[in-house]
Structures are given as structure tokens and as C-alpha cells.
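One-letter residues, chain by chain:
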Amino acid sequence: QVQLVESGGGLVQAGGSLRLSCAASGRTFSSYVMGWFRQAPGKEREFVAAINWSGGSTRYADSVKGRFTISRDNAENTVYLQMSVKPEDTAVYHCAARSGSVGSGVREYDYWGQGTQVTVSS
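Residues numbered from 1 in each chain as written. Predicted model: local features only at pLDDT ≥ 70, side-chain atom pairs only at ≥ 80, totals over all residues. Heavy atoms only, no water.

A. A look at the environment of S31. Following the sequence through the fold, S31 ends up in the loop between β3 (17-24) and β4 (33-39). C-alpha separation for the pair S31 and S99, spaced 68 residues apart in sequence, amounts to 7.2 Å. One polar contact links the side chain of S31 to the main-chain carbonyl oxygen of T28, over a distance of 2.6 Å. (Helix = DSSP H or I, 4+ residues; strand = E, 2+ residues; numbered from the N terminus. Polar contact = N/O pair within 3.5 Å; in protein donor to acceptor, adjacent residues only side chain to side chain.)

B. Looking closely at the pattern of salt bridges. Applying the stated criterion across every chain yields a total of 5 salt bridges. The partner of R38 in a salt bridge is D89, with the nearest N and O atoms 2.9 Å apart. Here the residue R38 occupies a position in strand β4, and D89 occupies one in the loop between β8 (78-84) and β9 (91-98), the gap between them amounting to 51 residues. Taken individually, R38 and D89 each receive the classification buried, so the pair is uniform in this respect. We note a salt bridge from K65 to D62, for which the minimum N-O separation is 3.2 Å. The exposure class assigned to D62 is exposed, which follows from its relative accessible area of 65%. Taken together, the shared-partner salt bridges connect R38, E46, R67 and D89 into one network. (Salt bridge = Lys/Arg side-chain N within 4 Å of Asp/Glu carboxyl O. Buried < 20%, exposed > 50% of the residue type's maximum accessible area, 1.4 Å probe, protein only.)

C. Representation of the pairing of strand β5 (residues 46-51) within the structure. Burial analysis of β5 places 5 of its 6 residues in the buried class, the great majority of the element. Judged from the 5 bridges that link them, β4 and β5 form a sheet pairing that is antiparallel. Its bridge partner lying in β5, R38 is registered against E46. What sits between the antiparallel neighbours β4 and β5 is a turn of 6 residues, in which G42 has the positive phi angle 75 degrees. (Pairing = 2+ DSSP bridges.)

D. Examining the side chain of R98 more closely. Mapping R98 onto the fold places it in strand β9. R98 sits in the buried class, given a relative accessible area of 13%. A polar side-chain atom of R98 sits 2.5 Å from a polar atom in the side chain of E108. Apart from residues no more than four positions distant in its own chain, R98 is found in contact with Y32, V33, G103, E108, Y109 and D110. (Contact = heavy atoms within 4.5 Å.)

E. Inspection of the side chain of H94 at higher detail. Along the chain, H94 falls in strand β9. Side-chain polar atoms of H94 contact the side chain of R45, separated by 3.4 Å. Here H94 is in contact with E6, G35, W36, F37, R45, W112, G113, Q114 and G115, once residues within four sequence places are set aside.

Here it is in C-alpha cells:
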């Protein structure tokens, strides 16, 4: 079992930066692939970024490439999402964990956090 708690969301102006954190419980954090997803009002949850256990492999949605960076600190059981934001990034951001390889499908992930709200003003 892995429990995930996101933090770092808030209100930010377009062109600004924000860093989200996801703290995980459990001794096996380093063995999990970690992902970030987001869900805007009235829309389905969508993939944002994912990172493998070592941090050596990452994947991004096309909409965030070059603006977002995912990273992890296995000693701190934490995964991060550094964001340079646009108004269309407004959503609730969830982190998620899975075993196996880096994936982008919502159904591939076994554990989910409650989410943190990010609101970008224009």
C-alpha cells in the first residue's frame, strides 16, 4: 500500500512558476513509477508526466513538454512537478503510483492522491 498526499497548489499568474510536491508513505516508494495527472472541470482526467524509479526515464504530455519537469527524491519519498504555467493548466493535479514501467494511462496506476488545485489567471 502507498498513500499519497499532494501539496503546493494555489493561484498563480500566467507565465509564473509553481512546484507541486507529492509525499508518499511506505518503504517501497523507490520501486514505484510515479505520475502526475490533472482534471479540469467538466473534463476527463488526463496524463501530465511520469518518472521511473531511478528518475532516469521520464514521459510528458505534449501539452506540457518544455514547460513542466517531473523529478523525484527517493530519500525523501517525494515526487515533484515544476511548472511554468498557462491559463489552460488550471485543474486539480493528482499524483499516482504504479508498479512496472512508465505509463500514461489513468487505469495503469494503482494508487492516487486526493489532489491539489492549481488555478492560473490570465
